[in-house]
Structure formats: structure tokens, C-alpha cells
Amino acid sequence: MTRTAVVTGGGTGIGKAVSARLVEQGLDVVITGRRAGVLTETAAEIGARPVVFDASAPEEVEKALAELPERVDVLVNNAGGNMTRRLPTPEGLADVRNLWLANFESNVLSAVLVTTALEPRLADHARVITIGSIAARRGSSSYGPAKAALEAWTAELAFQLGGRGITANVVSPGVTEETEFFGGTLSEERRKKLVGNPANGRAGTPADVAAAVTFLAAAEAGHITGQVIGVNGGAGLGR
Ligand SMILES: NC(=O)c1ccc[n+]([C@@H]2O[C@H](COP(=O)([O-])OP(=O)(O)OC[C@H]3O[C@@H](n4cnc5c(N)ncnc54)[C@H](OP(=O)(O)O)[C@@H]3O)[C@@H](O)[C@H]2O)c1
């Protein structure tokens, strides 16, 4: 039977690379996102099926269920981003609250809502892979704390679903270029600081992250669960 995959935020960057790899491996892949145009274009390019919805909006997730596969073997919770880069600098407590909620909604609720909605459709031995961030251990406004919450939630999920042979893991990238994450606003100076000093001397690419995701998505990876796999070239090792 052909395995099926749902990749949230599959229209660009890391999600697109993950989806392309899964298609290459013979899976039927559904990619999701909010922008119909981007999604349709990517789907045609890589051979996936687009389903447009906001992963952080409960009613949109529920409505999208009609278009999502009846059986899901691989769920990649990739939708998200750093809202600190998209919203103005907070000027008062109300702004601080909004920013924290925006990062929580975008990164945590998107994964929690889609996984909860699809849980009854997860096949035995399915794989749930959530994209975290090196920021979970480093801070970065309210974005890092939101990504840290995904790690705790994934540990819970591993126990919740483990009896059915389903695994739940986080792939945690460091700075990854060739995505829309930085919105073209990254100065060379800031880039150097963010990339830091990884052991391999370079930033990551979506293909680097896709390699880790497809490894965890494989049928053979059944004994790896509740883990956080860093894809960061050794950044943060302290030298
Ligand atoms: N690039 C990095 O340096 C880096 C490092 C660590 C972790 N990450 C994480 O990697 C993941 C992918 O990011 P990326 O770097 O590939 O950036 P990206 O190109 O901006 O990809 C994010 C994707 O998620 C979709 N998305 C965002 N919010 C959504 C929502 N509420 N509902 C549905 N789709 C949504 C976006 O499409 P629409 O706007 O059309 O919805 C977009 O396709 C994110 O979780 C990000 O936090 C990135």
C-alpha cells in the first residue's frame, strides 16, 4: 500500500524540500498552507496535492479534514515561523501579549490542532515529525519558548501514541537559508551572528533538514521516539 504524508507549510522552504523528498520516495504527499497560489505552484512542481487552510485556526482545520487523506502514515508539522520578525516591536504589555500569542499560535497550536484532528487517521506505525528550532534552547523572544513547548508536547505524544507503534519526534534546525523565514531582511552582520560558529562552518539548507525528516519518517525508524534531533552543523557546542 502506498504510504501517505501530510506536510504543513509544504509550499516553501523546509516544508517544500521535505515534501519533494517524500514524493521522490514514492509517498502520496499532501502539502498545506494559507496561500493558495504558492501551494498550487509548488504542488505542480514536485508532484504533491495542495490543501489550503490556516493550521492555527480550529474551524479551518476541521473543514480541511474533508480534503485530507483518510489514512496518514507520515505527518510533518512544519508550519510556523518567528512572528517577532513579522510584528512591530512591542510598545506595551498588550503588544507583548499579542506577540507571545502569535508565536504560540503559529508554532504550537498549528502542530497541536493538525495532529489532534488527524490522530484518528494516523496509521499504526505512523510517524509524527515536528519542526522545532535551535531557538528552543537559546531563547529568541517568544519564538524560542514556543518551539520549546513543542519539545515537551512531543514527549507527551510519544507516550500517547507509542502503544500503536507511532513515533513522535522533533527535528530542530539551526539557521537554514533558502526559505522565507527571514523574509529577505537578514543583514550580513546579523547573518554571521545567527549562523554563529557551527563545527562545519556553514548555515543549513532545506535539504539538510529534509534528510533528517525522511530518516525519521522511514518504516525502519520505529525505535526512535520522543527525541529532538538537531540539524545545525554543530552550532551551540560552545566553542
Ligand atoms: N529557516 C530557519 O532558519 C529555521 C530555523 C529553525 C526552525 N525553522 C522552522 O522551520 C519551519 C519552516 O520554516 P522555513 O524556514 O521553511 O520558512 P518558510 O519558508 O517561511 O516556511 C513556513 C511555511 O509555513 C506556512 N505557514 C506558516 N504559518 C502557517 C499557518 N498558520 N497555517 C498553514 N501554513 C502556515 C507558510 O505558508 P503560508 O504563509 O502560505 O501559510 C510557509 O510555507 C518553521 O516551523 C520554522 O519555525 C526555520
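From a predicted model like this one, the values you see are computed outputs, not experimental measurements. Residues take numbers from 1 onward in each chain, read along the sequence in its written order. Per-residue local features are limited, in this predicted model, to residues with pLDDT of at least 70; the limit for side-chain atom pairs, both in listing and counting, is 80 or more; totals at the level of whole chains, interfaces and linings are taken over all residues. Hydrogens and water molecules were not included; the side-chain quantities draw on all heavy atoms of the structure.

A. Local environment of the site of the ligand. To be near a molecule or strand, a residue needs just one of its heavy atoms within 4 Å of it. Around the ligand sit 30 residues in total, of which Thr12, Arg34, Arg35, Tyr143 and Thr176 are the nearest. In protein, a polar contact requires one atom able to donate a hydrogen and another able to accept it; more generally it is a pair of N or O atoms within 3.5 Å, and residues adjacent in sequence count only if both atoms are side-chain atoms. At a separation of 2.7 Å, an oxygen atom of the ligand approaches a polar side-chain atom of Arg35. Asp54 is positioned such that a nitrogen or oxygen atom in its side chain is 2.8 Å from a nitrogen atom of the ligand. Where accessible areas are quoted, they stem from the Shrake-Rupley method and a 1.4 Å probe; at the residue level, only the protein chains shown are allowed to cover. Here the ligand loses 96% of its free accessible area of 870 Å² to cover by the protein chains. Broken down by class, the residue content of the shell around the ligand amounts to 10 nonpolar, 14 polar and 6 charged. Nonpolar residues are Ala, Val, Leu, Ile, Met, Phe, Trp, Tyr, Cys and Pro. Charged residues are Asp, Glu, Lys and Arg, and all others, Gly as well, are polar.

B. Local environment of the packing of helix H1 (residues 13-24) against helix H8 (residues 206-217). To obtain an axis, a line is fitted to C-alpha atoms, over the contacting stretch when the element is a helix, and the angle between two such axes runs from 0 to 180 degrees between their N-to-C directions. Numbering of helices and strands runs from the N terminus, with a helix taken as a DSSP run of H or I at least four residues long and a strand as a DSSP run of E at least two residues long. Contact geometry for H1 and H8: axes closest at 8 Å, N-to-C directions at 50 degrees. Put simply, H1 runs oblique to H8. Crossing of H1 against H8: the hand is right-handed. Counting all contacts with H1, which are made through Gly13, Ile14, Ala17, Val18, Arg21 and Leu22, the residues of H8 involved are Pro206, Ala207, Val209, Ala210, Ala211, Val213, Thr214 and Ala217. Among the residues making up the contact of H1 with H8, the classes are represented as 11 nonpolar, 2 polar and 1 charged. Roughly parallel refers to an angle under 35 degrees, roughly antiparallel to one over 145, roughly perpendicular to one between 65 and 115, and oblique to any angle outside these ranges. For any pair of crossing helices, the crossing counts as left-handed if the nearer helix is rotated counterclockwise from the farther one by less than a right angle, and right-handed if it is rotated clockwise. Contacts were defined at the residue level, with two residues in contact if any of their heavy atoms lie within 4.5 Å.

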